[in-house]
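Here is what each chain is made of, one letter per residue.
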Number of protein chains: 2
Amino acid sequence: MALKEGIAQYVRRFGLADMLDETALAALRLMRYGKGDLIIRSGDDVDAVLFVVEGEAKAYNSLDNGQRVLAAFYQPLDIIGEAELFSSQRYALSVEAMTSAVCLRLGVDTILAGAKPDCRLLSYICGRLGSKLTDRFKADSINLRYTVETRLAMYLLASAGDKGFCHAGLGDIADFIGCSYRQLSRVVRAFRGKGILDNIRGTLVVRDGGALELLADDLYTHTKQ
Amino acid sequence: MALKEGIAQYVRRFGLADMLDETALAALRLMRYGKGDLIIRSGDDVDAVLFVVEGEAKAYNSLDNGQRVLAAFYQPLDIIGEAELFSSQRYALSVEAMTSAVCLRLGVDTILAGAKPDCRLLSYICGRLGSKLTDRFKADSINLRYTVETRLAMYLLASAGDKGFCHAGLGDIADFIGCSYRQLSRVVRAFRGKGILDNIRGTLVVRDGGALELLADDLYTHTKQ
DNA sequence: ATCAGAATAGGACATATGTCCTAGTACGCG
DNA sequence: CGCGTACTAGGACATATGTCCTATTCTGAT
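Residues numbered from 1 in each chain as written. Chains lettered and ligands numbered in written order. Predicted model: local features only at pLDDT ≥ 70, side-chain atom pairs only at ≥ 80, totals over all residues. Heavy atoms only, no water.

### Considerations on the overall build of chain A
Right, so step 1: For chain A, the helix and strand inventory stands at nine helices and eleven strands.
Right, so step 2: Taking 17 Å as the expected radius of gyration for a compact globule of 225 residues, we find that chain A reaches 22 Å, considerably beyond that expectation.
Right, so step 3: Taking the principal axes of its C-alpha atoms as reference, chain A extends roughly 70 × 40 × 25 Å.
Right, so step 4: In chain A, which comprises 225 residues, the share counted as buried stands at 49%.
Right, so step 5: For chain A, long-range pairs separated by at least 24 residues make up 69% of all intrachain contacts whose partners lie at least 6 apart in sequence. (Helix = DSSP H or I, 4+ residues; strand = E, 2+ residues; numbered from the N terminus. Rg over C-alpha atoms; globule rule 2.2 N^0.38 Å. Buried < 20%, exposed > 50% of the residue type's maximum accessible area, 1.4 Å probe, protein only. Contact = heavy atoms within 4.5 Å.)

Have a look at this one:
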């Protein structure tokens, strides 16, 4: 099996034969990017995974409030796009080259063809880990960039859902959205005053889900897509 | 193949035969927990993965400043412990039952025995995803719970490392640690005034790594374990 | 029923932080 | 070289938020 010269040198340097079989190695494609080029675009269909072999890149997402959250800096031999591989149809983040960069591209078809019935537990675990990673990144972006009002609204919409109530204690919610019990207590009081929420014996009951969605500042409708 | 009655009913209810082969199914063990019981303890050796089949649980970690960060709420059919499966020797979080709960336990030996050479790419991807998840959780815990000073110190210790400098622009660093450019600029100025940092033509140069470690408030030494 | 600890609630005060603005410097392109 | 854009830097002001405290209610164990 003869790889192209450029690909072969990276495969040797990074020991990629240790993780890729011959079919996958033969399917690698060399991609070059200039500084500032988009390597993948948030929202595009998931069609490949990329191994960074030269240069540096960054993954980020923009929020509705105009702010940006930077998820990761990449260097060789980081992987781009593996989080969405088994868990999503769309890339969750944009990745941009910070220097000129080189990646080896491996198409999703090749990876999925190699995911045999013997590997179904690992495929499942990959899918769960990928979902956890993207969900956690989304939640933390909100927790870092929005007020506690918006964060509580988002948390309630996600966890109360259709049943309209939520058993978690305020201390646990504060630790989950990353604020103090005191500030959460203020916001719960404000929501109670506006008729959005009641707390009945340790349970938060949603009285006005529409108002929560407004407070969530369009974040909720985006998340549900 | 005859599973125990209790296990068989959960396997049927959740379709676990779709992801587990007969060897793995035979290795499942039923675990019962009371409310408040520790299901896994942060720092313990990774010896199993658990499928939640009844009840609810929460994963959390405590920080050196006495605050706590809650990583996830679990319900059926969430998995506990899979993030550390291929990426760590130790569980990164403690998981506690919030109600009485039932889990199906699958020992790591069984999973690793099933991870054949055909599956080595998936194993590798699982390992990378698991690392990303635990690393990202750690970074975000710090970003949610510590001042920008500590966050910048931690970021610099991680990214400048032994080479003592760091090319990322201040805008990107602000987006990565989740603060405004203005506040980051204040902190950089303060560090410059204390002789800890210089910025030379877009590069941050560390002048006093020891001072950074002190500012990192013992977080750095913990992370390096 | 009683008690201790956990959870909830809110006041007072301080500050870490963000927004908005102006100004200066660096860099890339034509 | 000149210009436009991106990046850095800091002032002024406002506020979201956390710490620390006291008080009340709830829950589980004896």
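### Some points on the state of the cysteines
Right, so step 1: On inspection of all chains with the given rule, the structure shows one disulfide over all chains.
Right, so step 2: Shown here is the disulfide that connects Cys119(A) with Cys119(B), its sulfur atoms set 2.4 Å apart. For the disulfide bridge between Cys119(A) and Cys119(B), the dihedral angle about the S-S bond is near -85 degrees, and by the sign convention the bridge is left-handed. With Cys119(A) in the loop between helix H3 (108-113) and helix H4 (120-145) and Cys119(B) in the loop between helix H3 (108-114) and helix H4 (120-145), this residue pair bridges two chains. Assigned by exposure class, Cys119(A) and Cys119(B) land together as buried.
Right, so step 3: Not part of a disulfide, Cys179(B) finds its nearest cysteine sulfur in Cys166(B), a span of 14 Å.
Right, so step 4: A relative accessible area of 7% means that Cys179(B) is categorised as buried. (Disulfide = S-S within 2.5 Å.)

### Topic: the relation of the copies chain A and chain B
Right, so step 1: The transform that puts chain A on chain B rotates by 180 degrees and translates by 0.0 Å along the axis, for an RMSD of 0.0 Å. Here the copies are linked by what is in effect a two-fold axis.
Right, so step 2: The fraction of interface residues of chain A whose copies in chain B are also interface residues reaches 100%, indicating that both copies meet through the same surface. (Least-squares fit on C-alpha atoms with pLDDT ≥ 70 in both.)

### A closer look at the protein's contact with DNA strand D
Right, so step 1: The immediate surroundings of DNA strand D are formed by 19 residues, with Ser180(A), Gln183(A), Arg186(A), Tyr181(B) and Arg182(B) found nearest.
Right, so step 2: Atoms of DNA strand D within 4 Å of the protein belong to the sugar or the phosphate in 53% of instances, the rest to bases.
Right, so step 3: Arg186(A) is positioned such that a nitrogen or oxygen atom in its side chain is 2.6 Å from a base oxygen of DNA strand D.
Right, so step 4: Contributions of two or more residues to the surface near DNA strand D are made by helix H5 (148-160) and helix H7 (181-193) of chain A together with helix H6 (170-177) and helix H7 (181-193) of chain B.
Right, so step 5: Per-element accounting of the surface near DNA strand D gives the leading share, five residues, to H7(B). (Near = heavy atom within 4 Å. Polar contact = N/O pair within 3.5 Å; in protein donor to acceptor, adjacent residues only side chain to side chain.)

### Digging into the sheet that holds strand E5 (residues 68-74) of chain A
Hydrogen bonds along the backbone pair up the strands of a sheet, which may run parallel or antiparallel.
All names here are of chain A.
Right, so step 1: Across the sheet, which stays open at both edges, the four strands sit in the order E2-E7-E4-E5 with antiparallel pairing between neighbours. Each edge of the sheet is formed by a strand with only one pairing partner; in this case those strands are strand E2 (38-40) and E5. Within this sheet the neighbouring strands show an average axis-to-axis angle of 30 degrees, counted without direction.
Right, so step 2: Relative to strand E7 (residues 94-97), E2 runs antiparallel, the two sharing two bridges. Looking at the pairing, leucine 38 lines up with glutamate 96 of E7.
Right, so step 3: Against the sheet, H4 touches strand E4 (57-62) and E5, its axis set at about 130 degrees to E5. (Pairing = 2+ DSSP bridges. Axes fitted to C-alpha atoms, helices over the stretch in contact; angles between N-to-C directions.)

### Description of H7(B)
All names here are of chain B.
Right, so step 1: Taking 1.5 Å per residue, 13 residues should reach 18 Å; H7 reaches 18 Å between its end C-alpha atoms and fits that length.
Right, so step 2: Among all positions in H7, only Leu184, Val187, Val188 and Phe191 are buried. The buried residues of H7 occupy an angular sector of 100 degrees when the element is viewed end-on, so they sit on one face. Opposite its buried face, H7 presents the exposed residues Arg189 and Gly193, each directed more than 90 degrees away. (Expected span 1.5 Å × (residues − 1). Arc of directions from axis to C-beta.)

### Considerations on the domain arrangement of chain A
Interfaces are often sized by the amount of accessible area the parts lose when they come together.
Right, so step 1: Split into domains, chain A comes out as domain 1 (5-137) and domain 2 (147-224).
Right, so step 2: A C-alpha centroid distance of 35 Å is found between domain 1 of chain A and domain 2 of chain A. (Domains from an automatic or database assignment.)

### Describing the protein's contact with DNA strand C
Right, so step 1: Near DNA strand C there are 19 residues, and of these Tyr181(A), Arg182(A), Ser180(B), Gln183(B) and Arg186(B) occur at the shortest range.
Right, so step 2: Taking all atoms of DNA strand C within 4 Å of the protein, the share assigned to sugar and phosphate is 52%.
Right, so step 3: Secondary structure elements with two or more residues in the surface near DNA strand C: helix H6 (170-177) and H7 of chain A together with helix H5 (148-160) and H7 of chain B.
Right, so step 4: Per-element tally for the surface near DNA strand C: the top contributor is H7(A), with five residues.

### Some words on the environment of Gly202(B)
Residue and element names in this part refer to chain B.
Right, so step 1: Its place among the elements puts glycine 202 in the loop between strand E10 (197-200) and strand E11 (203-206).
Right, so step 2: For glycine 202, a relative accessible area of 56% corresponds to the exposed category.
Right, so step 3: Glycine 202 sits 33 residues away from glycine 169 along the chain, and the two C-alpha atoms are 6.4 Å apart.
Right, so step 4: The contacts of glycine 202, once residues within four sequence positions are left out, are Cys166, His167 and Ala168.

### Section: the interface of chain A and chain B
Right, so step 1: Taken together, the 58 residues of chain A in the interface contact 58 residues of chain B.
Right, so step 2: At the boundary of chain A with chain B, total buried surface from both sides reaches about 4,900 Å², with 62% on carbon and sulfur atoms.
Right, so step 3: If you look at where chain A meets chain B, you find twelve salt bridges.
Right, so step 4: Residue Lys132(A) pairs with Glu82(B) through a salt bridge whose shortest N-O separation is 3.2 Å.
Right, so step 5: Among the secondary structure elements, those contributing two or more residues to the side of chain A that touches chain B are E5, H4, H5 and H6 of chain A.
Right, so step 6: Classifying every residue of the side of chain A that touches chain B by side-chain character gives 35 nonpolar, six polar and 17 charged. (Buried area = accessible area lost by both parts, 1.4 Å probe. Salt bridge = Lys/Arg side-chain N within 4 Å of Asp/Glu carboxyl O. Nonpolar A, V, L, I, M, F, W, Y, C, P; charged D, E, K, R; others polar.)

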